[in-house]
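Structural description and commentary
This is what each chain is made of:
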Amino acid sequence: MTSDLTLPRTTTGYVAVSGSDLVGSVIYTEGLVSSILKCVGYCSLHPQCMSLNYSPLAKICELSNVTQKSSPAVKRSGFHYYEAVEFTVHYAVEGHTQP
């Protein structure tokens, strides 16, 4: 019998809060970071990273071990706050043959 199969996959994405960041909770800072994607890469490699602050103008990436839930974001000119969130995506595999 042939049918479609749905495969769930959990992945991490980032939610942005423009013009704000978390202060006092930075665990790592990297300068000369040319894009938010590179900053997200630093966060994904650091086991304690739960959120990040990024300034595209200053090219500064700050990793944090807390989120807005425990430490509210504040306005900071030129910086943007991003929080890691997990979500599940379901992929459909067409024509799967079931035993």
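Quick note: structure is the one above.
Below is a summary of the structure that appears in this document. (Residues numbered from 1 in each chain as written. Predicted model: local features only at pLDDT ≥ 70, side-chain atom pairs only at ≥ 80, totals over all residues. Heavy atoms only, no water.)

What about a nonpolar patch on the surface?
Put simply, the rule reads: The residues that make up patches have over 30% relative accessible area and no salt bridge, and they are joined within 9 Å when like-charged or within 5 Å when they are Val, Leu, Ile, Met, Phe, Trp or Tyr. Each accessible area is a Shrake-Rupley estimate made with a 1.4 Å probe; only the visible protein chains count as cover when residues are assessed. Salt bridges are defined as contacts in which a side-chain nitrogen from Lys or Arg sits within 4 Å of a carboxyl oxygen from Asp or Glu. Secondary structure counts use DSSP, requiring at least four H or I residues in a row for a helix and at least two E residues in a row for a strand, with both numbered from the N terminus. Relative accessibility thresholds used throughout: buried, under 20% of the residue-type maximum; exposed, over 50%; partly exposed, between the two (1.4 Å probe, protein chains only).
Taken together, Leu 7, Tyr 91 and Val 93 make up a surface patch of nonpolar side chains, about 250 Å² in accessible area. Here Tyr 91 lies in strand β5 (residues 74–97). The class of Tyr 91 is partly exposed, set by a relative accessible area of 42%.

Quick notes on the pattern of salt bridges
Overall, the coordinates contain two salt bridges when judged by the stated rule. Note that Asp 21 is salt-bridged to Arg 76, the shortest N-O span being 2.4 Å. One end of the pair, Asp 21, is in strand β1 (residues 2–21); the other, Arg 76, is in strand β5, with 55 residues separating them in the sequence. The class of Asp 21 is buried, set by a relative accessible area of 0%. You can call Arg 76 partly exposed: its relative accessible area is 26%. Overlapping salt bridges, with partners in common, bring together Asp 21, Glu 62 and Arg 76 in one network.

A closer look at the side chain of Glu 62
Definition in use: Identification of polar contacts relies on pairs of N or O atoms within 3.5 Å, with a donor-acceptor requirement for protein atoms, meaning one able to donate a hydrogen and the other able to accept it, and with residues adjacent in sequence counted only if both atoms are side-chain atoms. A contact between two residues is defined here by any heavy atoms of the two lying within 4.5 Å.
Examined against the element boundaries, Glu 62 turns out to sit in strand β4 (residues 60–64). A distance of 2.9 Å separates the side chain of Glu 62 from the side chain of Arg 76, its partner in a polar contact. Beyond its immediate chain neighbours, meaning those up to four positions away, Glu 62 contacts Asp 21, Val 26, Tyr 28, Thr 29, Cys 39, Ser 51, Leu 52, Asn 53, Arg 76 and Phe 79.

Observations concerning the packing of aromatic side chains
Put simply, the test is: Note on aromatic contacts: the rings of Phe and Tyr and the six-membered ring of Trp form a pair at centre separations within 6.5 Å, being stacked when their planes are under 30 degrees apart, edge-to-face when over 60 apart, and tilted otherwise.
Inspection of the entire model under this criterion finds one aromatic pair. Aromatic side chains Tyr 28 and Tyr 42 sit 6.4 Å apart centroid to centroid with 45 degrees between the ring planes, which places their arrangement in the tilted category. Pair noted here: Tyr 28 is in strand β2 (residues 26–30) and Tyr 42 is in helix α1 (residues 36–45), with a separation of 14 residues, a long-range link.

Description of unusual backbone geometry
For Leu 32, which is not a glycine, the phi torsion comes out positive at approximately 60 degrees. Take Leu 32: it is sitting in the loop between β2 and α1. Residue Lys 59 is not a glycine yet carries a positive backbone phi of 60 degrees. Mapping Lys 59 onto the fold places it in the loop between β3 (51–55) and β4. The partly exposed category is assigned to Lys 59, whose relative accessible area is 33%.

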